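The primary structure of each chain is shown beneath.
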Amino acid sequence: MCGRYNLVTDAQALVDFFDVAMAIDPVFVPRYNIAPTQFVPIVRDQGRGRDLLNARWGLVPHWSREGETKYSTINARAETVAEKPTYRASFRHRRCLVPATGFYEWKAGDNGKQPYQITLAGGGLLAFAGLWDRWIGQEGELFSFSIVVTAADASMQGLHERMPVMLEPKDYSTWLTGSGDVVSSLLRPHGQNLELRPVSRYVNSPAHDDPRCLDPV
DNA sequence: CCAGACGTTGTT
DNA sequence: GTCTGG
DNA sequence: CCAGACGTTGTT
DNA sequence: GTCTGG
């Protein structure tokens, strides 16, 4: 699963790395502790080049009555994303990249749960496979997204059973604008070398969003 | 037919 | 114990 | 994901 | 909007 992540970079690096043509919401600050319901940048391609848009983590389907869900939509299972009513249409027509520099998992132990940060070995930006939707209500429109998760491979070193689908740069365009089997074939681990490091329990509180979230244990 | 759900993970 | 908020 | 709340009425 | 349960 992926219930917390970070995006420690600057706006220009995001635009460069993801080849963004249009920054719709250019305001951006480094994020050390991104929690569900918060607004963070996603990358889309609506046919006129890639755009960067702030969206809410936790997908609200366009047909939602209340503009919220009573169930969790922060993750979508790769195994069923093509069929589930909440994700099906977004999987076919509204895929996105979710920029990140790492994500967090908690491992239960004798002394309670220990948070770990997972990054690419060597660091750098990565992209989770994401789905987005737009809900329209009286208060205006709400853009939101979900992160696709799959069975963890050996790179997770047994830390957790599930992990986000992390796309490679060569597959970004296919994920954003492809269709059919070629898109479905990306719903799997991509073999990146990952680095897992225990970090301070400071990260536990969603109210904390500063470099101390990455403090060594 | 209408009403109601629509999700994931981990733990018991 | 379970739901909501971040 | 974790942290924190979890309720009602009457009065200001 | 679309599927499932009754």
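One numbering rule holds for all chains: residues counted from 1, following each sequence as written. As they are written, the chains are lettered A onward and the ligands numbered 1 onward, keeping that order. Reporting in this predicted model follows two pLDDT cut-offs: at least 70 for local features of residues, and 80 or more for side-chain atom pairs to be given and counted; totals over whole chains, interfaces and linings ignore these cut-offs and use all residues. As a rule here, side-chain values cover all heavy atoms of the structure and leave hydrogens and water aside.

(A) Examining the pattern of salt bridges more closely. By definition, a salt bridge exists where a carboxyl oxygen of Asp or Glu is found within 4 Å of a side-chain nitrogen of Lys or Arg. Inspection of every chain in the model, using the stated rule, returns eight salt bridges. Notably, a salt bridge pairs Glu168 with Lys170, separated by 3.9 Å at the nearest N-O pair. Relative accessibility decides the category of a residue: with a 1.4 Å probe and only protein chains considered, values under 20% of the type maximum give buried, values over 50% give exposed, and everything between is partly exposed. Take Glu168: its relative accessible area is 27%, and that puts it in the partly exposed class. Asp171 is the salt-bridge partner of Lys170, the closest N and O atoms lying 3.4 Å from each other. Among the residues examined, Lys170 registers a relative accessible area of 63% and is labelled exposed. Classification of Asp171 as buried rests on a relative accessible area of 9%.

(B) Representation of the protein's contact with DNA strand B in the model. It suffices for a single heavy atom of a residue to lie within 4 Å of a molecule or strand for the residue to be listed as near it. Residues in close proximity to DNA strand B total 16 residues, the closest being Arg77, Lys84, Thr86, His160 and Arg162. Sugar plus phosphate, as a fraction of atoms of DNA strand B within 4 Å of the protein: 69%. At a separation of 2.4 Å, a phosphate oxygen of DNA strand B approaches a polar side-chain atom of Arg77. A distance of 2.8 Å is found between a phosphate oxygen of DNA strand B and a side-chain nitrogen or oxygen belonging to Arg162. No other element matches the three residues that strand E6 (residues 75-77) contributes to the surface near DNA strand B. For this classification, the nonpolar set comprises Ala, Val, Leu, Ile, Met, Phe, Trp, Tyr, Cys and Pro, the charged set comprises Asp, Glu, Lys and Arg, and every other residue, Gly included, is treated as polar. Among the residues forming the surface near DNA strand B, the class breakdown is eight nonpolar, five polar and three charged. By the criterion applied in these results, polar contacts are pairs of N or O atoms within 3.5 Å in which, for protein atoms, one can donate a hydrogen and the other can accept it, and in which residues neighboring in sequence qualify only through two side-chain atoms. Numbering goes from the N terminus for both helices and strands, where a helix is a DSSP run of H or I of at least four residues and a strand is a run of E of at least two.

(C) Main features of the protein's contact with DNA strand E. Every residue lining DNA strand E is accounted for by His62, Trp63, Pro85 and Arg88. Among atoms of DNA strand E positioned within 4 Å of the protein, sugar and phosphate together represent 15%. Take Arg88: an N or O atom from its side chain is 3.1 Å from a phosphate oxygen of DNA strand E. Residue classes in the surface near DNA strand E are distributed as two nonpolar, one polar and one charged.

(D) Examining the sheet that holds strand E9 (residues 112-120) more closely. When DSSP finds two or more bridges between two strands, those strands count as paired. Read from one edge to the other, the open sheet built from five strands follows the order E3-E1-E8-E9-E14, with strand pairing classed as antiparallel. Of all strands in the sheet, those bounded by a partner on one side alone are strand E3 (31-34) and strand E14 (194-198). Across this sheet, the average inter-strand angle for adjacent strands is 30°, counted without regard to direction. As paired strands, strand E8 (residues 102-109) and E9 are joined by seven bridges and run antiparallel to one another. Looking at the pairing, Ala108 lines up with Lys113 of E9. Axis lines are fitted to C-alpha atoms, over the contacting stretch for helices. Their N-to-C directions set the angle, which ranges from 0 to 180 degrees.

(E) Spotlight on the confidence of the model for chain A. The pLDDT averaged across chain A works out to 96; a share of 100% of its residues lies at or above 70. Complex prediction metrics read pTM 0.97 and ipTM 0.92. As a per-residue quantity, pLDDT reports the predictor's confidence and falls between 0 and 100.

(F) Here's a closer look at the nonpolar core. The term nonpolar core refers to a set of buried residues drawn from Ala, Val, Leu, Ile, Met, Phe, Trp, Tyr and Cys, joined through side-chain atoms within 4.5 Å. Ranked by internal contacts, the top residues of the largest apolar core, which has 55 residues, are Tyr5, Phe128, Phe145 and Trp175. At six residues, the largest contribution of residues to this core is made by strand E10 (residues 126-137). Judged by nonpolar contacts, the second largest core, of six residues, contains Tyr104, Val199, Val203 and Cys213.

(G) Structural view of the packing of aromatic side chains. Aromatic pairing here means that ring centres of Phe, Tyr or Trp (its six-membered ring) are within 6.5 Å. Orientation follows from the plane angle: under 30 degrees is stacked, over 60 is edge-to-face, and everything else is tilted. For the structure on display, the rule yields 10 aromatic pairs. Ring centres of Tyr5 and Phe128 lie 5.5 Å apart, and the angle between their planes is 80°; on these two criteria the pair is classed as edge-to-face. Taken together, the positions of Tyr5 in strand E1 (residues 5-7) and Phe128 in strand E10 put the pair 123 residues apart, joining distant regions of the chain. Classification of Tyr5 by relative accessible area gives buried; the value is 0%. Note on Phe128: relative accessible area 0%, which makes it buried. Ring centres of Tyr104 and Trp106 lie 6.4 Å apart, and the angle between their planes is 50°; on these two criteria the pair is classed as tilted. A relative accessible area of 0% means that Tyr104 is categorised as buried. Three or more aromatic residues joined by ring pairs make a cluster, and in this case those are Tyr5, Trp57, Phe103, Phe128 and Phe145. The criterion is that NZ of a Lys, or CZ of an Arg, lies within 6 Å of the ring centre and within 35 degrees of the ring normal, and then a charge sits over that ring. The residue whose ring lies beneath Arg44 is Trp132, and the NZ or CZ to ring-centre distance is 4.5 Å.

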